[in-house]
Structures are given as C-alpha cells and as structure tokens.
Amino acid sequence: MINSSLKQLGDLLQTKKISSVELTQTFLNRIQQYNPSINAYIALDEARTIAQAKAADERIASGNAMPLTGVPFAQKDIFCAKGWQTTCGSKMLANFIAPYDAHVITQFDTAGAVNLGKTNMDEFAMGSSNETSYFGGVKNPWSFDRVPGGSSGGSAAAVAARLCAAATGTDTGGSIRQPASLCGFTGLKPTYGVVSRFGMIAFASSLDQAGPMAKSAEDCALMMNVMAGFDERDSTSLNREKEDYTRDLNKPLQGLKVGLPKEYFSEGLDTNVGKVIEAAIAEYKKLGAEIVDISLPNTGLSIPVYYVLAPAEASSNLSRYDGVRYGHRAAEYTDLMDMYNKSRAEGFGAEVKRRILIGTYVLSAGYYDAYYLKAQQIRRLIAQDFVEAFKQCDVIMGPAAPSTAFKAGEKVDDPVAMYLQDIYTISTNLAGLPGMSVPAGFAQSDDGVSLPVGLQIIGNYFDEARMLNVAHKYQQVTDWHERMPELVLPKEAK
Amino acid sequence: MEWEVVIGLETHTQLKTNTKIFSGASIKYGAEPNTQACEVSIALPGVLPVLNKEAVHCAIKFGLAINAHIAPRSVFARKNYFYPDLPKGYQISQFELPVVGKGAVTIQVPAVGKNAAYEKVVNITRAHLEEDAGKSVHGAVDDMSGIDLNRAGTPLLEIVTEPDMRSAAEAVAYAKKLHELVQWIGICDGNMQEGSFRCDVNVSVRQKGTEKLGTRREIKNLNSFKFMQQAIEYETRWQIETLEDGGTIQQATVLFNPDTGETRSMRSKEEANDYRYFPDPDLLPLVISEADKAAVKATMPELPEAMKARFEAHYALSAYDASALTTSRELAGYFVATADAGADAKQSANWIMGALAAKLNAADIGISESPINAQQLAQLLKRISDNTISNNAAKQVFEALWNAEGDVDGIIATKGLKQESDSGAIEAIIDEVLAANPAMVEEFKAGKEKAFNALVGQAMKASKGKANPAQVNELLKKKLS
C-alpha cells in the first residue's frame, strides 16, 4: 500500500477496499516508527489528521469524492495551515500557530486530502541540505549519514521513506528538484505563477514556487490538478484556464527534441552522476527522442545573480519578524532597538542572517546599481538564453544536482560549495521556467554507497503537461522511481 | 540683504475608498484598536498584497484634475525601515515610477496688507500611491507601548510640489486649494483632525536674486492651515536669523509645537534611514490604459476651474465671486440651485457668501447642512427684486427662515413686512411728511442735500418701514422740484 501510486490509492479508497482512516493510520504508524530517526516532520497532530481522514471517508461514502479524497499528504512547513504550528524551520516562528490557510492547503482540503503533518525544511527555505533547520537536520532515507538535500528536505525524506503518499515542496533555487534528485523521487517546480503563493511563507518572492514531490510523474500530475490555478489573492498568480495535467501523460515521444546544454555537462559534475544521466538520455533515444546540442551561455552567472536577488528580496521579506506582533521575542531588552536586535539575533540562524546581511548590502544606497540592478539585467539575459534554446528543442535535459547526497556536516562551513548544489536548477527559477527531477538511476559515492540520481527536465513556460508526459513515458520503461530505500523497508518485505 | 523663502509641499491625502489599499479590511476612522487589522494588516507570514482598484481610480482622478501625465506603467516599491507601527518592516510606496507625473494647480493668493490678491501656478512634481502605517499608542497599557494597526494599509496619495512657493501665504493658499480640489473630485474627505489631509512643508531661504536653493528643513505633519502659516513664518525667521548670525542650516526634519509656536529638530540627515527601495516583487507594475483614463474621466464632476469660467460667462459673476463660489461642490451647487430657481445671480452670490456664510460659520456647519435651502433663498431674493420686501425686511425674513419659522411668503405675511408700492398711498405719506417738516424742506431748498435724506427717513418711518424706498426717493424728488 505504501508503494501504491496516488491513482491506485484513490481507486482503493473510492471502491472502499480501504478506508482513509486505515490508510492514514498506516502512514502515521510508519511516521511513529521512522520519524524519530529521520526527523522528516516538525509538527504532527494525530487527532486532527485522523479527523480529516474520517471526514474523507464520509465524503467518499456520500459519493462526493474527488480523485485524491482520503489520500494522506505531507505539507512543507512553509505553508500556513490553520491551527497548525507553522515554523518555516525557524526558531523565529517556533511558537507560531497559523490562523489561516495557504492557498495550497485550501486546495488540498477542498480535494478532501488528509494532512499528515508539517515537514522539516531549511530555515526560511534557505539551504540545500536541510541542515539550517532550527528543528535539526533530516536524514536521507538511502543513507542515514547523508543529507536529503534542501530546502524541502523533510518532504523529500518523507516521500522517499514512504512516510506519506506524497508531499508538497517549494522551490526558489532548486529546493524541490535537488532533494528529489538526492532522495530518488519525482519533483516538479511549475512555471512561476502557476501555483498561488498566498499563505506560503516568502523567501524570495519573485522566485518562490510551490510544487508536488511524489513517487512518479503521474502522481505529480494528479497533485498539479489540485495545486495549480488562478488565485486573486496572489497578484503574481496567472489567470489561465484550468488544465488537466494528466491529459498528455501517454503521448508517444517520437520526434521529441531534447536539448542538452553543454554547460550542464562540464566541470563540477560528478563523473558517476554524469554516466547515469547519459544512460537516461540513451533511454530517451530508444523512446524516439532526438538529441540536440544546445548552449545556455550565461549558466555560470546564475549563482552570483541568484545570490544577489534572492537575499535582496529575503532581507525585506524577513523584516516582519521583529518580535512585535508574533514570533520570537527576546525575554529581556532595554528599549525598542534592543528588542529588535536581540529578538532577531536569537530568532534567526546563521544562514538566514548571512542572507539578510547580503541582501541589505546589495540594496543599500551606492550599491544598488552595481549589484541589484546589474543582477536584474543578467537575469533577463539568462531568461533569453532559454528563449533561444527552446527554438531548437522541446525540452532540455541534464542533471538536477552535480552530485549524489553528501554527508551531513560536509558542506555546512562552506557556503559557496553548498550554493553550487543548485548550479543546474537556479537558472530556471531566474527565468520563471518549469523544471522537474526524475529518478534516473544510482551512482556510487566515494565510499561505495549506491545513491539516487535525478534527471532534470526543463520545459518551456506552461509546458508542465508535456514535461510530465516526457517523464511518465520514461517511467513506463524504467523502475527507478519505484525503488525504495532498504533502511525503511517494512519488516515483511525485508 | 534681502532674503527669499522657498517652499515646497508634500501632502498625504487619505483616499476615500471602502477598504485598504492592499487588503479588504475597512478603513473607517475611530474603530476599537486592531479591529480593522486583517492578516495583511498584521503582516502575518505568507500574506500578499492585492491592489485596490478604487485607490488607482482616485489617483487617476487627481492626475486628470491637475492636467498631469498619468503613467501608463508605474511601479510599487518597498521602502524598508523598522518601526513598531510598520508591520511588514517596509512600506509599499512608489519610488522611481509614480502613477501621476508633472501637473499644475492654480491658486488664489489673498490680499495681505498692502499687497493685492493674485493668482499663481504651483507645479506638481508627482503624486504616488502608498500605504499608511499603523499607530503607536502610549499610555494605554502600563509600562508598554501599544500598537494599533487599524490605519496600517490605509490608501494614501502623496502629492509633491516643486519648490514654487515664496511665502507662507502662498503655501497656505496652495494647501487650501489642494484641500478643496481633492474633496471636489471626491478622493479625500479632507478631515484634517482625523489625519485625512496631512502636509509636510520643506522650507529653505536664499538671498533674493540667487538661483541656488538653500538647505531645506522639513516641517512634518501639519494638520491645520493656521499651524502651517505659523510654522512656516517661524521657520523662515529662524533660518534667516541663523544665517545672519553666521550659522549654517543643516538638513533636518522638524516638528512644529503649536503651544510654543516654534519648530524643533527631530532628526538630522545623518540619522536618516537608507530606505533600500526596490520594486515590490509581490505586485505587478500598475498599467493604466487610455481606456482606463477615459472610464474614470466619465465619472468625474466638472472641475472647479471650468466651473469658475462658466460662472463668469453664464452668470456674469466677477472672477472673485466665481472663484469663491467654486471652493466646494456643495457651495457651487447651492449657488447654481439658487440662481436657477430664478434669483438674480449677483444677489445670490452676495447673499450666499455674505449673510448665509456668516450664519454657517457661526453655527460651525457646512452648506449642505444649512437650514435654509437654495429654493428658500431664491424665493427670498425674488421677493426683494419684485419689490415685495425691502432689503431690511429681507434680513428679518432670512433670520426667520434660519429659525424654521415658515416659508418666505408666510413669514412676510405674518410679520407684516410687505412693502408699500402703491404710489397714491406713498404720495399721501410724503405730503404729510412735507407738511410736518417745513424746516427741512427749507434747508433742502437752500442746497443742503442731507435734508433730503432726512425727509426720506421721515417718510420711511411714517410708513413703518414698509414704503418702497426707491419709490419714496422718486416721488419726493418730484414733489420738491
């Protein structure tokens, strides 16, 4: 059951072969068993979760079910969910109970889905290893001494360890795709503006985008049907007609033009990871795809540009955490300035502070033109690279991350090495394009551990259905996405 | 050495929308603290701003009213600073690309002493949309400051002038004109006590004849025209004295203390914030099309300048009268209703700005609350022009109307104010007066003009004030010639 697809689970529920309460309890039991070691969840509320499952069962009984009614999901702790502790991985919000629902949460509620809990994440989504979380690191279910990636590390581990049917994530620079690659499952970052950001705690507003983290492309498509859509409460939400993301899943790939950017296969890419990606490309050839060599010449500028723009927006977005109205406030202070200083010094972790400092600096009088404005100009050039590339191909493929999961603690003291984890994913955020990571095999680490590798598929604006089709056809002929980490196999299966 | 003061104004006008500029919370004044603070007002994690179109309409109306360039694309920017009543840690405003660009306002500067009244054009640099902050409340909670976020997010249009004004009188005339205009076009209720119309005044001085601007000091948050006048006058004197004593002016923000009549420095430029403005990524650029402008224009009333010209042409009013009657739509409407009900236009203007204005002022009420409506006033004026009552009697009728004692004709009848216009009856009275005052007649014939007036007075007295004075004059002249 824990390995079933969302479609299978939906069918089992609607034909009443299982109840939502049973299914939910199964996952809750697994969470009880594995979460103490993996630390995927920050907040659990069994009573609330079971109540939702009961309501789902009633809805199914009354014949008003939707495809995902009764299916239990994990929600990244970046989404405000009414009555739930909503921390964004920070001490600053450790005591914050959200009084309202994010759009994404409302969409899942409306679909009748069950919320299993709030998943761990890098503090304010700033990180690529989940090690900046105030609530502790998350273990990669494939190798407990390794990180799951980040910032959606909790959701990633929960999906990989089957501690949920699927999960939500958010991706500002790679936070869905890099952990999907490191934990071996399917993750999609939609086109900017497709999923409403209302109620999703902001890191870098012009880059943040929520998306599905699930076992397969088909699962992602079903979740997109729930998550996507216009929301007037988000001014950057795009007013487009509702679409069925499953509609093209089975289209043949004959004649599909796959662009391989040379910049994604150069220095910095782990050799073993490169081999897995090449094998995946070979598989696509067998499926009828044509390979086109392309170039994204400004790829190398994406990290510096991102680390100007994202911190600039973050420094302003995080100003509201001042200890005045909610969140952490220092126990003792002498005056207003002292309260601000102490509350923020105590409430934020080192990586968040680093980015607030960078962001404040690049927006300061005298530096704005040289940093922020310049970065905005280069951002347009990076987007233009993709416009040119998509004149030659339908989708772009490459690695989602330069390496397999690295060991906890390995990069925490080297921010630049950590930032390079997102070298292949950041450009799509800057351009606002959709991107996904699809399990493509396993690569040996230096110490001989076999770890998952993700193939990245980048599509043109609003081509999510096409990308899901491209991923799904591959998943029809491979089983990488069905592999489950040994460490969390149910006893009877071992 | 002759000094010249240079003044520019920044005015925050609170827009008359139903809800806040970026959320659906009410902006009604005077509610219990934080009862109008929604998720967006409190700046909870994850909330997003959504622009209130009504606020944009207000900005377009203002742009059209001052003949300004209305930007086809303007941008909301974040102004970053920490303050407890600023919940997001930034204010959403407009910085590089404001919604309203250059425009102009024509002001009437009243006569002061020997200086005659004159007209002047004040250039508007820009007007931009932004949100108001909340309020810090001191003293409500023991040993703590309270924060009331009801006002946070209230829509403001900040209107900035060029440094075009050269006296406190000009600055006040501009502020009053702007105050009238924003109410005229219905974008602001103009309530200065509740902070709906707040002026910051930039003041600098320089030697007359020089081009270069002196260092300015900004007087913050003036909420009455009287204080504005006093503050500018004090500030000007202070700056001139400082310079004449060999000192220099430091750029600063100052506050005016109405109790002492002085301005006092609040913070210097060195202490000023670096606001780190950047375009707000949560909001799309504000796009205004020609069609949007046309749609708003169709909803706008005739503007005061146009109405003034019309009053001069159509009602043959003087520029002064026409200008005075177009300070508010209510006043102008009252005038039009009076004149169109058949009253003489000039008489209507005189009575509205004279007797009626005096009464309204004394009662501290607006013309829309006047106990005498335009139809009643017109009826009264018609009774003067058709010689039913004298001007003096009309004043009594006006008093009675004010006190709601009945309609015009009813009051004339009950009070017996109808004047005598029957020439036979008046002749009889005059004959009696002439017979009774032979001495006066002699004096008149000897060339004393004053005696004539005395005889008129006697005749009016004999008629108990009811004789038509013009007829008395005419008949008396005939009799004495």
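Being a predicted model, the structure only gives us computed values, none of them experimental.

A. Highlighting the overall build of chain B. Looking only at helices and strands, chain B features 16 helices and 15 strands. Taking 481 residues into account, the globule formula puts the C-alpha radius of gyration at 23 Å, and chain B, at 30 Å, lies well above it. When the backbone C-alpha atoms are referred to their principal axes, chain B occupies close to 95 × 55 × 55 Å. Expressed as a percentage of its 481 residues, the buried residues of chain B come to 40%.

B. Summary view of the overall build of chain A. What chain A contains, in helices and strands, is 15 helices and 11 strands. Once the C-alpha set of chain A is aligned to its principal axes, its extents read approximately 65 × 55 × 50 Å. Looking at chain A as a whole, 60% of its 494 residues are labelled buried.

C. Representation of the packing of helix α10 (residues 374-385) of chain B against helix α11 (residues 391-402) of chain B within the structure. All names here are of chain B. Two numbers describe how α10 lies on α11: the axes approach to 10 Å, and their chain directions differ by 160°. In terms of their interaxial angle, α10 and α11 are classed as roughly antiparallel. In terms of crossing hand, the pair formed by α10 and α11 is right-handed. Contacts between α10 and α11 involve Gln 376, Leu 380 and Ile 384 on the former and, on the latter, Asn 391, Ala 394, Val 397, Phe 398 and Leu 401. Classifying every residue of the contact of α10 with α11 by side-chain character gives 6 nonpolar, 2 polar and no charged.

D. The domain arrangement of chain B, seen in detail. Each domain of chain B was delimited in the assignment, giving domain 1 (3-292), domain 2 (313-415) and domain 3 (423-480). One C-alpha centre belongs to domain 2 of chain B, the other to domain 3 of chain B, and the line joining them spans 32 Å.

E. Looking closely at the interface of chain B and chain A. Listed as interface residues are 25 residues of chain B and, on the opposing side, 35 residues of chain A. Of all elements in the fold, only α1 (39-42) and β3 (76-80) of chain B reach the threshold of two or more residues within the side of chain B that touches chain A.

F. Up close: the packing of helix α13 (residues 423-436) of chain B against helix α16 (residues 469-480) of chain B. Residues and elements named next belong to chain B. The geometry of α13 relative to α16 is characterised by a closest axis approach of 10 Å and an angle of 55° between their N-to-C directions. Considered as vectors, α13 and α16 are oriented oblique to each other. Crossing angle aside, the handedness with which α13 passes α16 is right-handed. Counting all contacts with α13, which are made through Ser 423, Ile 426, Glu 427, Ile 430 and Leu 434, the residues of α16 involved are Gln 471, Val 472, Leu 475, Leu 476 and Lys 479. Here the contact of α13 with α16 is built from residues that sort into 6 nonpolar, 2 polar and 2 charged.

G. Main features of the sheet that holds strand β6 (residues 118-131) of chain B. All names here are of chain B. Within the open sheet, the 8 strands sit side by side as β5-β6-β9-β1-β10-β11-β12-β13. Their pairing is mixed. The open sheet terminates on both sides in strands that have one partner only, identified here as β5 (103-109) and β13 (262-268). Geometrically, the sheet is characterised by an average inter-axis angle of 30° between neighbouring strands, direction not taken into account. Here strand β12 (residues 252-257) runs beside β13; their pairing, made up of 6 bridges, is antiparallel. If you follow Thr 253 over to β13, its bridge partner there is Arg 267. Packed onto the sheet, helix α2 (residues 53-65) meets β5, β6 and β9 (155-161) and runs at close to 160° relative to β6. Where helix α4 (residues 225-244) meets the sheet, it contacts β1 (3-14), β10 (197-207), β11 (217-222), β12 and β13, and its direction lies at approximately 25° from that of β10.

H. Region of the structure containing the environment of Leu 163 of chain A. All names here are of chain A. Within the secondary structure layout, Leu 163 lies in the loop between α5 (153-160) and β4 (166-171). On the neighbour-count criterion, Leu 163 (30 C-beta atoms within 10 Å) is buried. Along the sequence, Leu 163 and Ile 2 sit 161 residues apart, while their C-alpha atoms lie 8.1 Å from each other. If we ignore the near neighbours within four places in the chain, the residues touching Leu 163 are Phe 27, Arg 30, Ile 31, Tyr 34, Asn 35, Ala 40, Ala 74 and Ala 158.

I. Summary view of the sheet that holds strand β6 (residues 209-214) of chain A. Residues and elements named next belong to chain A. Here 11 strands make up an open sheet; going across it, the order is β1-β3-β2-β4-β6-β5-β10-β11-β9-β7-β8 and the pairing mixed. The open sheet terminates on both sides in strands that have one partner only, identified here as β1 (41-44) and β8 (290-294). Strand after strand, the sheet turns through a mean of 30° between neighbouring axes, direction not considered. The pairing of strand β5 (residues 186-189) with strand β10 (residues 435-444) spans 3 bridges and is classified as antiparallel. By the bridge assignment, Gly 187 is partnered in β10 with Ser 437.

J. Molecular detail of helix α7 (residues 217-227) of chain A. All names here are of chain A. Across the 11 residues that make up α7, a large majority, 11, are buried. The set of residues buried in α7 consists of Ala 217, Glu 218, Asp 219, Cys 220, Ala 221, Leu 222, Met 223, Met 224, Asn 225, Val 226 and Met 227. Where α7 ends, the next residue or the one after it, Gly 229, has phi of about 135°, a positive value.

K. Up close: the nonpolar core. If you look at the biggest cluster of nonpolar residues, it comprises 227 residues, and the most contacted ones within it are Phe 73, Val 159 and Cys 164 of chain A together with Ala 59, Phe 62, Ala 171 and Val 201 of chain B. No other element matches the 10 residues that helix α3 (residues 168-184) of chain B contributes to this core. The contact partners of Val 201 of chain B, leaving out residues within four places of it in the chain, are Ile 7, Leu 9, Ala 171, Ile 219, Leu 222, Met 228, Ala 231 and Ile 232 of chain B. By size, the runner-up hydrophobic cluster in this structure holds 35 residues, among which are Tyr 334, Ala 349, Ile 372 and Leu 377 of chain B.

L. Representation of unusual backbone geometry within the structure. The linkage connecting Gly 150 of chain A with the following residue, Ser 151 of chain A, adopts the cis geometry, with an omega of 10°. For Ser 151 of chain A, the location among the structural elements is in the loop between β3 (114-119) and α5.

M. Summary view of the pairing of β3 of chain B. All names here are of chain B. Counting buried positions along β3 yields 5 of 5 residues, so the element is predominantly enclosed. Burial along β3 is two-sided: Phe 76, Arg 78 and Asn 80 facing one way and Ala 77 and Lys 79 facing the other are all buried. Note that β3 and strand β14 (residues 278-279) share 2 bridges and pair antiparallel. Bridge pairing in β14 places Arg 78 opposite Phe 278.

N. Local environment of the environment of Val 71 of chain A. All names here are of chain A. Checked against the element boundaries, Val 71 lands in the loop between α3 (46-61) and β2 (72-76). Looking at Val 71, the number of C-beta atoms within 10 Å reads 31, which means it is buried. In this structure, the C-alpha to C-alpha distance between Val 71 and Ile 291, residues 220 residues apart in sequence, is 39 Å.

O. Here's a closer look at helix α15 (residues 449-462) of chain B. Residues and elements named next belong to chain B. Spanning 14 residues, α15 covers 21 Å between terminal C-alpha atoms, matching the ideal 20 Å at 1.5 Å per step. Looking only at α15, the buried set comprises Leu 455, Gln 458, Ala 459 and Met 460. In this fold, the buried residues of α15 make contact with α13, α14 (438-445) and α16. Residue Lys 464 follows α15 closely and has a positive phi angle near 55°.

P. A look at the environment of Tyr 321 of chain A. Considering the arrangement of structural elements, one finds Tyr 321 of chain A in the loop between α9 (302-317) and α10 (336-347). Its 26 C-beta neighbours within 10 Å are what place Tyr 321 of chain A among the buried residues.

Q. Highlighting the confidence of the model for chain B. When pLDDT is averaged across chain B, the result is 93; 99% of the residues are at 70 or more. With a pTM of 0.92, the predicted complex shows an ipTM of 0.96.

Cut-off values and rules
Numbers given for residues are sequential positions, taken from 1 along each chain in its written order. Each chain is given a letter, starting from A, and each ligand a number, starting from 1, according to the order in which they appear as written. Confidence filtering applies because this is a predicted model: local features only for residues at pLDDT of at least 70, side-chain atom pairs given and counted only at 80 or more, and all residues used for totals across whole chains, interfaces and linings. Secondary structure elements follow DSSP: runs of H or I of four or more residues count as helices, runs of E of two or more count as strands, with numbering from the N terminus. Each radius of gyration is computed over the set of C-alpha atoms, and the globule rule expresses the reference value as 2.2 Å times the number of residues to the power 0.38. Comment: burial labels come from other C-beta atoms within 10 Å of the residue's own C-beta, placed from the backbone, where a count of 20 or more is buried, 12 or fewer is exposed, and between is partly exposed. Every angle, taken between N-to-C directions, lies between 0 and 180 degrees, and every axis is a line fitted to C-alpha atoms, over only the stretch in contact when it is a helix. Here the angle decides the label: under 35 degrees means roughly parallel, over 145 means roughly antiparallel, 65 to 115 means roughly perpendicular, and every other value means oblique. Throughout, a crossing is termed right-handed when the near helix is turned clockwise from the far one, and left-handed when it is turned anticlockwise from it by less than a right angle. Throughout, a pair of residues is in contact if the C-beta atoms placed from their backbones lie within 7 Å. Charged residues are taken to be Asp, Glu, Lys and Arg, nonpolar residues to be Ala, Val, Leu, Ile, Met, Phe, Trp, Tyr, Cys and Pro, and polar residues to be all remaining types, Gly included. In this entry, domain limits derive from an automatic or database-based domain assignment. A pair of strands is considered paired only if DSSP assigns at least 2 bridges between the two. A set of buried Ala, Val, Leu, Ile, Met, Phe, Trp, Tyr and Cys residues, joined to one another through C-beta atoms within 7 Å, is what we call a nonpolar core. One less than the number of residues in a helix, times 1.5 Å, gives the span that helix is expected to have. How sure the predictor is of each residue is captured by pLDDT, a score from 0 to 100.

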